[in-house]
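# Structural overview for review
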Amino acid sequence: MTRYLVSFDDGSMDHIRDEDLPEVNKATHAVMREAVHAGVFVTGGGTDRQSASTVATDGTVTDGPYPETKAVIGGLVVIDVASREEALTWAAKFASACRCAQEVREIMPDPELDALLAVPARDPSKAR
């Protein structure tokens, strides 16, 4: 299986009227439920336009990027599917529900991380 980032840019849903947002929200959650039940949903959600910060390699924190920045992610879903074609099929479902185009990017595999995540989590109550 391969993970894919399915996302849309901030502002991509600005054409939707406020009174239509509950219907869009309902449709989007229906697709997310479908993905969860299909066993392909990893995580997802919308992002807040105003809360971005950038942390430099030296640890310095600055505000931004700002909403007027050209490409800022407005929402995302990570799915784990067998093929790019399957990822594109899910992206089409999200695009229809969200009423905006979706970008699809393969997340590069990391065998070391996969092995780490496969180890059962330790029970903190049993820690010394």
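Everything below is about the structure shown above.
Okay, so let's go over this structure. Being a predicted model, the structure only gives us computed values, none of them experimental.

Considering only enclosed or pocket space, the largest pocket measures out at about 460 Å³ in volume. Looking at the largest pocket, it is lined by 24 residues, and the ones nearest its centre are Phe8, Met13, Gly46, Gly74 and Gly75. Broken down by element, the lining of the largest pocket gets its largest block of residues, six residues, from helix α1 (residues 21–38). Taken together, the residues of the lining of the largest pocket sort by class into ten nonpolar, eleven polar and three charged.

Bringing the packing of aromatic side chains into the picture now. Counted by the stated rule, this structure contains zero aromatic pairs. Note that lysine 93 overlies the ring of tryptophan 90, its terminal NZ or CZ placed 4.3 Å from the centroid.

Turning to the sheet that holds strand β2 (residues 41–46), a few remarks are in order. Read across the open sheet, the four strands follow the order β2-β5-β1-β6; overall the sheet is antiparallel. Lying at the two open borders of the sheet, with one neighbouring strand each, are β2 and β6 (103–106). If you compare each strand with its neighbour and ignore which way they point, the axes differ by 20° on average. As defined by bridge partners, strand β1 (residues 2–9) adjoins β6 across four bridges and the pair is classed as antiparallel. Looking at the pairing, valine 6 lines up with valine 104 of β6. Lying on the sheet, helix α2 (residues 84–98) is in contact with β1, β5 (73–81) and β6; it crosses β5 at an angle near 145°.

So, about the nonpolar core. Core analysis: the biggest nonpolar cluster contains 15 residues, and Ile79, Val81 and Trp90 have the highest contact counts within it. Broken down by secondary-structure element, the contributors of at least two residues to this core are β1, α1, β5 and α2. When residues in this core are grouped by element, the largest group, five residues, is from α2. What tryptophan 90 contacts, discounting residues up to four positions off in sequence, is Val31, Glu34, Ala35, Ala38, Val40, Ile79 and Val81.

On the surface, a cluster of nonpolar side chains totalling about 310 Å² of accessible area is made up of Leu113, Leu116 and Leu117. In this structure, leucine 116 sits in helix α3 (residues 111–118). Classification of leucine 116 by relative accessible area gives exposed; the value is 59%.

Reading guide: rules and limits
- Residues numbered from 1 in each chain as written.
- Predicted model: local features only at pLDDT ≥ 70, side-chain atom pairs only at ≥ 80, totals over all residues.
- Heavy atoms only, no water.
- 1 Å grid on protein atoms, 1.4 Å probe; cavity = no way out; pocket = protein on both sides within 12 Å on 5 of 7 lines; lining within 4 Å.
- Points joined across faces, edges and corners; volume = space filled by probe spheres on them.
- Helix = DSSP H or I, 4+ residues; strand = E, 2+ residues; numbered from the N terminus.
- Nonpolar A, V, L, I, M, F, W, Y, C, P; charged D, E, K, R; others polar.
- Phe/Tyr/Trp six-rings, centres within 6.5 Å; stacked < 30°, edge-to-face > 60°.
- Lys NZ or Arg CZ within 6 Å of the ring centre and 35° of its normal.
- Pairing = 2+ DSSP bridges.
- Axes fitted to C-alpha atoms, helices over the stretch in contact; angles between N-to-C directions.
- Contact = heavy atoms within 4.5 Å.
- Core = buried A, V, L, I, M, F, W, Y, C linked by side-chain atoms within 4.5 Å.
- Buried < 20%, exposed > 50% of the residue type's maximum accessible area, 1.4 Å probe, protein only.
- Patch = residues over 30% accessible without salt bridge, like charges linked within 9 Å, V, L, I, M, F, W, Y side chains within 5 Å.
- Areas by Shrake-Rupley, 256 points an atom, 1.4 Å probe, with all protein chains shown as cover.
- Salt bridge = Lys/Arg side-chain N within 4 Å of Asp/Glu carboxyl O.

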